Amino acid sequence: MSTPPTPPAQPGFETLAIHAGQEPDPLTGAVVPPIYQVSTFKQDGVGGLRGGYEYARSGNPTRAALETCLAALEAPHLADAVGLAFASGLAAEDTLIRALCRPGDHVVLPHDAYGGTYRLFTKVAGPWGLHVNPVNVTDIDLLRKAIVPGRTRLVWVETPSNPLLSIADITAVAEVTHEAGALLVVDNTFASPYLQQPIILGADIVVHSTTKYAGGHSDVVGGALIVADPEIGATLAFHQNAQGSIAGPFDSWLTLRGLKTLGVRMDRHSANARTVAEFLVQHPAVSQVYWPGLPDHPGHAIAARQMRDFGGMVSFRVSAGEQEAVDICGRTQVFTLGESLGGVESLIEHPARMTHASVAGSPLEVPSDLIRLSVGIESIEDLIADLAVALDG
Ligand SMILES: *Cc1c(COP(=O)(O)O)cnc(C)c1O
């Protein structure tokens, strides 16, 4: 596999998003990496590879462009950081588990982890032999007690978390994780590298569902791993090829296209979410608002330190209870009722019955009167008017 080296000078985030890994096509000058919809590459004599490519599971130029760009965005300071693109966020996670863990290993998972992550660890990796311990990773003392030096292989963090937007202190978590000889994995899906760069804060590996903000247009499913240590990166790249959990060329191209506007989108998502959160805080039907940009959010100070802005996800509880929460989800017109998040369009959902239905009765169960918003980048006046009508019934 050949990934072009990252240039040594450090251009700004948006410049990297638009150019890293995306030199004009050497053959035609095309300014955007073409979709190399191809499975195999002609060899000039046995072993004579023209561009370093032989078979597209092992490496494809469109995927390589995305992988280089992802590594540059998450770890612009590390020229040998490794980016890997996968068929989905969960394919990336599954590859990570099988590459870095062995039966008998212990893993600390956030008690409010993404439901699919929790299911993968408990229902797939559990029977395979992994011991999974859900912990409130925002509490460093609890976390320290949960880590078993010599046995804990991974500490997993999602910040902001889903759907309650809790904030973990990445630097502090990295310290206790590394003291015990474990690796820190941060799921950076909610923040995106524009708002937060966990590797710079001490994480070893960043996971993404690129389906969300990275792709940003609700038109592609994908995942990524970005790895600080090139040796661990090589192990993960070996597994990506050996397990075949790769992103296809068209999916890679769509994700790369999404990344180009990540910065401007996240700025607008964050600004719109601020207005929505402030509207909800003063609304009489709302009992609690979860958005890390609010000064009374328990993780506000940490978020302000480790994030550029507070992101586009807002959750809130309604005083009238579960049925009213469900009814509100059915009344919005601009906010579309649906799962997923991170696209340009606003989405509304009821976690207890939708995204988090599978964790009912587990430590990850969410309040039944909770509504989650993925605040999009439509005109803010329309978003507020839509919520106002839906909340007033
Ligand atoms: C969606 C999501 C995932 C899983 O990613 P897929 O692309 O759906 O497989 C993992 N983590 C978080 C935080 C997510 O939102």
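Here the residue index of a chain counts from 1 through its sequence in written order. Local features in this predicted model are restricted to residues whose pLDDT is 70 or higher, and side-chain atom pairs enter the listing and the counts only when it is 80 or higher, whereas totals over whole chains, interfaces and linings include all residues. To obtain the side-chain values, all non-hydrogen atoms of the structure were included, while hydrogens and water were left out.

Visitor: Before we move on, can you summarise the site of the ligand with the specific residues and values?
Guide: By convention in these notes, a residue is near a molecule or strand provided one of its non-hydrogen atoms lies within 4 Å of it. Taken together, 14 residues are adjacent to the ligand, and L90, D187, S209, T211 and K212 come closest. In protein, a polar contact requires one atom able to donate a hydrogen and another able to accept it; more generally it is a pair of N or O atoms within 3.5 Å, and residues adjacent in sequence count only if both atoms are side-chain atoms. At a separation of 2.9 Å, an oxygen atom of the ligand approaches a polar backbone atom of G89. One nitrogen or oxygen atom from the main chain of L90 is found 2.9 Å from an oxygen atom belonging to the ligand. Each accessible area value is a Shrake-Rupley result obtained with a 1.4 Å probe; residue values ignore everything except the protein chains displayed when judging cover. With the chains in place, 92% of the 380 Å² that the ligand exposes on its own is no longer accessible. Going along the chain from the N terminus, every DSSP run of H or I of four or more residues is numbered as a helix, and every run of E of two or more is numbered as a strand. Ranked by the residues each element gives to the shell around the ligand, the list is headed by helix α3 (residues 89-100), at three residues. Gly falls in the polar group here, along with every residue not listed as nonpolar (Ala, Val, Leu, Ile, Met, Phe, Trp, Tyr, Cys, Pro) or charged (Asp, Glu, Lys, Arg). In terms of residue class, the shell around the ligand is built from four nonpolar, six polar and four charged.

Visitor: Which residues make up the domain arrangement of the protein, and what values do they have?
Guide: Note that the domain bounds were set by an automatic or database domain assignment. Taken domain by domain, the protein holds domain 1 (13-260) and domain 2 (263-392). Taking the mean C-alpha position of each, domain 1 and domain 2 sit 26 Å from one another. Counting from both sides, the interface comprises 36 residues of domain 1 and, opposite them, 40 residues of domain 2. In this description, buried area is defined as the sum, over both parts, of the accessible area (probe of 1.4 Å) that is lost when the two are combined. Across the domain 1/domain 2 interface, buried area totals approximately 3100 Å², and carbon plus sulfur atoms make up 61% of it. It is Y194, L195 and Y213 that lose the most area in domain 1 upon contact with domain 2, and together they represent 25% of the buried surface on that side. Salt bridges are defined as contacts in which a side-chain nitrogen from Lys or Arg sits within 4 Å of a carboxyl oxygen from Asp or Glu. At the surface where domain 1 touches domain 2, the tally comes to one salt bridge. One salt bridge in this structure joins D169 and R305, with 3.0 Å as the shortest N-O distance. The tally of links from domain 1 across to domain 2 stands at 15 residue pairs in polar contact (both at pLDDT 80 or more). Looking at the side of domain 1 that touches domain 2, its residues break down into 19 nonpolar, 13 polar and four charged. When checking whether two residues touch, look at their non-hydrogen atoms; a contact exists if any pair is within 4.5 Å.

Visitor: Can you lay out the pattern of salt bridges for me, pointing to particular residues and giving the numbers?
Guide: Per the stated rule, a full pass over the model turns up 11 salt bridges. The residue E322 makes a salt bridge to R353 at a minimum N-O spacing of 2.9 Å. Residue E322 is located in helix α12 (residues 322-331), and its partner R353 is located in the loop between β11 (347-349) and β12 (370-374); the two are separated by 31 residues in the primary sequence. Burial status follows relative accessibility: with a 1.4 Å probe on protein chains alone, a residue under 20% of its type maximum counts as buried, one over 50% as exposed, and anything between as partly exposed. We classify E322 as partly exposed; its relative accessible area is 30%. Overall, the relative accessible area of 46% leaves R353 in the partly exposed class.

Visitor: Provide a residue-level description of the sheet that holds strand β7 (residues 223-227), including the pertinent values.
Guide: Paired strands, as defined in this entry, are two strands with at least two bridges between them according to DSSP. Spatially, β1-β7-β6-β5-β4-β2-β3 is the arrangement adopted by the seven strands of the open sheet, whose pairing is mixed. Of all strands in the sheet, those bounded by a partner on one side alone are β1 (82-86) and β3 (131-135). Averaged over all neighbouring strand pairs, the angle between strand axes comes to 20 degrees, with direction disregarded. In this structure, strand β4 (residues 152-158) lies alongside strand β5 (residues 183-187), joined through five bridges in parallel fashion. Directly across from L154, in β5, lies its bridge partner L183. Angular values range over 0 to 180 degrees, each being the angle between N-to-C directions of two axes fitted as lines to C-alpha atoms, with helices fitted over their stretch in contact. On top of the sheet, helix α4 (residues 115-128) reaches β2 (106-110), β3 and β4; it is set at about 160 degrees to β2, its chief contact.

Visitor: Provide a residue-level description of the packing of α3 against α4, including the pertinent values.
Guide: Viewed as axis vectors pointing N to C, α3 and α4 meet at an angle of 35 degrees, and their least axial separation amounts to 11 Å. The handedness of the crossing between α3 and α4 is right-handed. Here L90, E93, D94, I97 and R98 of α3 come into contact with α4, specifically with G116, T117, R119, L120, F121, A125 and W128. When grouped by side-chain class, the residues that make up the contact of α3 with α4 number six nonpolar, two polar and four charged. Note: crossing handedness is left-handed where the near helix turns anticlockwise from the far helix by less than a right angle, and right-handed where it turns clockwise.

Visitor: Can you lay out the packing of aromatic side chains for me, pointing to particular residues and giving the numbers?
Guide: Stacked, tilted and edge-to-face are the three classes applied to pairs of Phe, Tyr and Trp rings, where Trp contributes its six-membered ring and a pair requires centres within 6.5 Å; stacked means planes under 30 degrees apart, edge-to-face means over 60, and tilted covers the rest. The tally for this structure, following the rule as stated, stands at five aromatic pairs. Each ring, one from F13 and one from Y194, has its centre 5.3 Å from the other, and the planes form 65 degrees; the classification is edge-to-face. With F13 in helix α1 (residues 13-19) and Y194 in helix α7 (residues 192-195), this residue pair connects regions lying 181 residues apart in the sequence. Overall, F13 belongs to the buried group, its relative accessible area being 10%. A relative accessible area of 6% places Y194 in the buried class. Ring geometry for W291 versus F310: centroids 5.6 Å apart, planes at 70 degrees, classification edge-to-face. Of this pair, W291 sits in the loop between β8 (286-290) and α11 (300-306) while F310 sits in the loop between α11 and β9 (313-318), and the two are 19 residues apart along the sequence. The same class applies to W291 as to F310, namely buried. In this structure, K212 packs its charged tip against the face of Y114, placed 5.1 Å from the ring centre. Here, over-ring charges are defined by two tests on the NZ atom of lysine or the CZ atom of arginine: distance to the ring centre within 6 Å, and angle to the ring normal within 35 degrees.

Visitor: Any chance you could break down the environment of L142 for me, citing the residues and the numbers?
Guide: Following the sequence through the fold, L142 ends up in helix α5 (residues 140-146). Overall, the relative accessible area of 41% leaves L142 in the partly exposed class. In this view, L142 contacts V135 and N136; residues no more than four positions away in its chain are not counted.

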